[in-house]
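For reference, the chains in residue letters:
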Amino acid sequence: MYIKKIELSNLRNYSSIELDLVKGINVFHGENGSGKTNIIEGVYWLSIGKSFRASDDKEIVKEGCDSCRVYSEAEVNGLDKMFSLEYSADVRKKVIRINNSRIKKMADVIGEIPVVLFSPEDIQIVKGEPVLRRKYIDQMLCQVSREYFETLSKYLKEVSHRNYLLKGIKEKKVSVSNLGVWNEQIKINGAFLIMKRFEAMQELNSLLASKLTSEKNDVSINYLSKNFMSMKFDDVIYEYENHFKTKIDEEIVRGTTLIGPHRDDIEIFYNGKNAKAFASEGQQRVSAILLKLAEGLFIRERKNSYPVVLLDDFSSELDNPNRGFIGRTLQQFKQIIITTTYPENLKELTPARMFHVEHGKVSLV
Amino acid sequence: MYTYPFKLEKLINEISKLPGIGPKMAERTAIYIFKKGQPAADALSEALGGIKDIKFCDICGNISAAGTCAVCSDEKRDKGAICVVESPEDVITIEHTGKHSGVYHVLYGLINPLNNILPDNLKIRQLLKRSEKTENIREIILAINHTVEGDATSLYIADAVKTANPDIKITRLAKGLPTGSDIKYADEITLGQAILERKEI
């Protein structure tokens, strides 16, 4: 699939722009602060329903405006489709449309325009907190499986209900017996999520080994859980039951659910060693890029269609000794949208279309 | 500084306490009633006065004109099958289907710890009382939304009823395809459920 046209209205610094994109590499270059990333943010927002750098949708609405909108025309499996996402800040409501018909749930849209985002922050997947690694795996799975997306949102809600009860029990406002139904739901949904994550990680490992290993770099991952020894559905259920029986006092004291996919982590290995602890900054950066490429190939295998690659601020990767390998791997994706301050340094990546961005104006070069 | 006459302010204040009505809307509504004149206001106040004659049914908790509602006092209704719903509106919706010949039980909400709604805040104890062996209930049909809170409530009721009386059959409305829908356009979750819950023909 690829995006043919994108329109941003009242998004960040843009009042209204219309861009015709092509297959291959689309480059947006301009000074820092000119609004390059806002274009990538718009595409990402339409695809995922959330921004990658704003925690609140309100932040992406242009100052002084009530609502913003991203519209796109894309070719999906040979069919031309229209997508739009509009957000009204006053009522905090999103309206999603595909081919002009209103779509009720984000679950029906996510994965329609699959994307994989590369940003300078990606190194945090390797060296940052576990939440970022969970986000990495969850976002990938949400784009390829609606069932995963829905189960994850259910699960997180169930955990917050249960945590609230645990706090209530600690304050002696509610009785322990209230936990029962939540334990039941959480163990089933939690086991499903863990199993799917584990399966995905095995696929990622085989992609990393077969397509993304060079003589210098070898990256692999491992599901890391303090509580679950086996990621098989029945074993996870058993572990949960055991935990709910034996660790209840600790959970009440801490006021939170202590096991499950919301606490698990991913261990990343670079050339056989734990990358977080032993890899250099440069090696961590390569590991992150390889993981992102693996995400792209994973989406491609599951959906039988290449995701759109969004490369934010690619100049930061230019001194990477592995850029030749990375460039060649990227070339196989159908469409790439790049923002950069130094277009002359793209080298291996031959642009199909170049845009210049200056103070919220975008012109074709 | 000018303000509305006190009696109008009072009306605005009362209206603004209603759910979903903000201060501006309350103001507009109050002025509308004033402009409509006394007969319209009398009709409204008479309707409001009638609230005292509306009650909760002693048996099922549904809204009723008498101590026992029309469904519970209807001899033709099957008292052995109770359909459990979240709210009185759901009773009306299910009545429109004409497919339920039994009686009802209204919970007035779903278990929702984050909003401080626990089983004791709902009419679940009354349902358990109705489930006792002496009451001869055969089936409890859970017509409860398929949401996180709906699932938890269903599970809770199913467990509690089973403990109270293991002879009662407990069912829940099927998840599946809407009538007249095209399989092509069904989402994978709904279609998957419909396949799992398929029926022999």
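Everything quoted here is computed from the prediction, not taken from an experiment.

Caption draft 1: Molecular detail of the overall build of chain A. Tallying secondary structure elements over chain A gives ten helices and 15 strands in all. Taking the principal axes of the C-alpha coordinates as reference, chain A spans close to 65 × 55 × 35 Å. Counting over 365 residues, chain A shows a buried share of 56%. Partitioning the contacts of chain A with sequence separation of at least 6, the portion at a separation of at least 24 is 70%. As displayed, chain A has an accessible area near 16,400 Å², and 48% of this comes from carbon and sulfur atoms.

Caption draft 2: A look at the packing of aromatic side chains. Residue and element names in this part refer to chain A. In total, this model carries seven aromatic pairs over all chains according to the counting rule given. Relative to F52, the ring of Y44 has its centre 5.1 Å away and its plane inclined at 85 degrees; by these criteria the two rings are edge-to-face. The exposure class of Y44 is buried, given its relative accessible area of 3%. By way of ring pairs, the aromatic residues F228, Y240 and F244 are connected into one cluster.

Caption draft 3: Spotlight on a nonpolar patch on the surface. All names here are of chain B. Together, I51, I54 and I63 give the surface a local cluster of nonpolar side chains, amounting to about 290 Å² of exposed area. Examined against the element boundaries, I63 turns out to sit in strand 2 (residues 63-64). I63 sits in the partly exposed class, given a relative accessible area of 46%.

Caption draft 4: Representation of the pattern of salt bridges. Residue and element names in this part refer to chain A. Applying the stated rule across the entire model yields 30 salt bridges over all chains. K196 serves as the salt-bridge partner of E199, at 3.8 Å between the closest nitrogen and oxygen. Of this pair, E199 and K196 both sit in helix 5 (residues 179-211), separated by three residues, roughly a single helical turn. For E199, a relative accessible area of 31% gives the class partly exposed. According to the relative accessible area criterion, K196 is partly exposed, its value standing at 26%. We note a salt bridge from E281 to R285, for which the minimum N-O separation is 4.0 Å. Of the two residues, E281 and R285 both sit in helix 9 (residues 281-303), four residues apart, roughly one turn of that helix. According to the relative accessible area criterion, E281 is partly exposed, its value standing at 43%. Salt bridges sharing partners connect three or more residues here, namely K105, D108, R146 and E150.

Caption draft 5: A look at the domain arrangement of chain B. Here the domain parsing of chain B yields domain 1 (6-51) and domain 2 (55-172). Computed over C-alpha atoms only, the centres of domain 1 of chain B and domain 2 of chain B are separated by 35 Å.

Caption draft 6: Up close: the interface of chain A and chain B. Facing the 18 residues of chain A at the interface are 16 residues of chain B. Between chain A and chain B lies a buried interface of about 1,600 Å² when both sides are counted; carbon and sulfur atoms form 68% of it. Of all residues in chain A, A:H161, A:Y164 and A:V181 bury the most surface against chain B, accounting for 33% of the area lost on that side. Here chain A is connected to chain B by two salt bridges. Where A:K154 meets B:D151, a salt bridge forms, and the shortest distance between an N and an O atom there is 3.5 Å.

Caption draft 7: How the structure looks around the domain arrangement of chain A. Residue and element names in this part refer to chain A. Along its sequence, chain A is carved into domain 1 (1-114 + 305-365) and domain 2 (123-304). Using only C-alpha atoms to locate each centre, domain 1 and domain 2 end up separated by 28 Å. Listed per partner, the contact involves 24 residues of domain 1 and 22 residues of domain 2. A combined buried area of about 2,000 Å² lies between domain 1 and domain 2, and 61% of that area is made up of carbon and sulfur atoms. On the surface where domain 1 and domain 2 come into contact, there are two salt bridges. With its nearest N and O atoms 2.1 Å apart, the salt bridge here joins R146 to D108. Linking domain 1 to domain 2 there are six residue pairs in polar contact (both at pLDDT 80 or more). Taken together, the elements giving at least two residues each to the side of domain 1 that touches domain 2 come down to helix 1 (36-48) and helix 10 (323-331). When residues in the side of domain 1 that touches domain 2 are grouped by element, the largest group, four residues, is from helix 10. Here the residues of the side of domain 1 that touches domain 2 sort into 14 nonpolar, seven polar and three charged.

Caption draft 8: Examining the layout of surface pockets more closely. Residue and element names in this part refer to chain A. The space that makes up the second largest pocket amounts to roughly 650 Å³. Lining the second largest pocket are 27 residues, with K50, K135, D138, L152 and L156 positioned closest to its centre. Sorting the residues of the lining of the second largest pocket by element identifies helix 1, helix 3 (130-144) and helix 4 (146-170) as the ones contributing at least two each. Ranked by residues supplied to the lining of the second largest pocket, first place goes to helix 3 with six residues. Both domains that furnish three or more residues to the lining of the second largest pocket are identified here as domain 1 (1-114 + 305-365) and domain 2 (123-304).

What counts, and at which threshold
Residues numbered from 1 in each chain as written. Chains lettered and ligands numbered in written order. Predicted model: local features only at pLDDT ≥ 70, side-chain atom pairs only at ≥ 80, totals over all residues. Heavy atoms only, no water. Helix = DSSP H or I, 4+ residues; strand = E, 2+ residues; numbered from the N terminus. Buried < 20%, exposed > 50% of the residue type's maximum accessible area, 1.4 Å probe, protein only. Contact = heavy atoms within 4.5 Å. Areas by Shrake-Rupley, 256 points an atom, 1.4 Å probe, with all protein chains shown as cover. Phe/Tyr/Trp six-rings, centres within 6.5 Å; stacked < 30°, edge-to-face > 60°. Patch = residues over 30% accessible without salt bridge, like charges linked within 9 Å, V, L, I, M, F, W, Y side chains within 5 Å. Salt bridge = Lys/Arg side-chain N within 4 Å of Asp/Glu carboxyl O. Domains from an automatic or database assignment. Buried area = accessible area lost by both parts, 1.4 Å probe. Polar contact = N/O pair within 3.5 Å; in protein donor to acceptor, adjacent residues only side chain to side chain. Nonpolar A, V, L, I, M, F, W, Y, C, P; charged D, E, K, R; others polar. 1 Å grid on protein atoms, 1.4 Å probe; cavity = no way out; pocket = protein on both sides within 12 Å on 5 of 7 lines; lining within 4 Å. Points joined across faces, edges and corners; volume = space filled by probe spheres on them.

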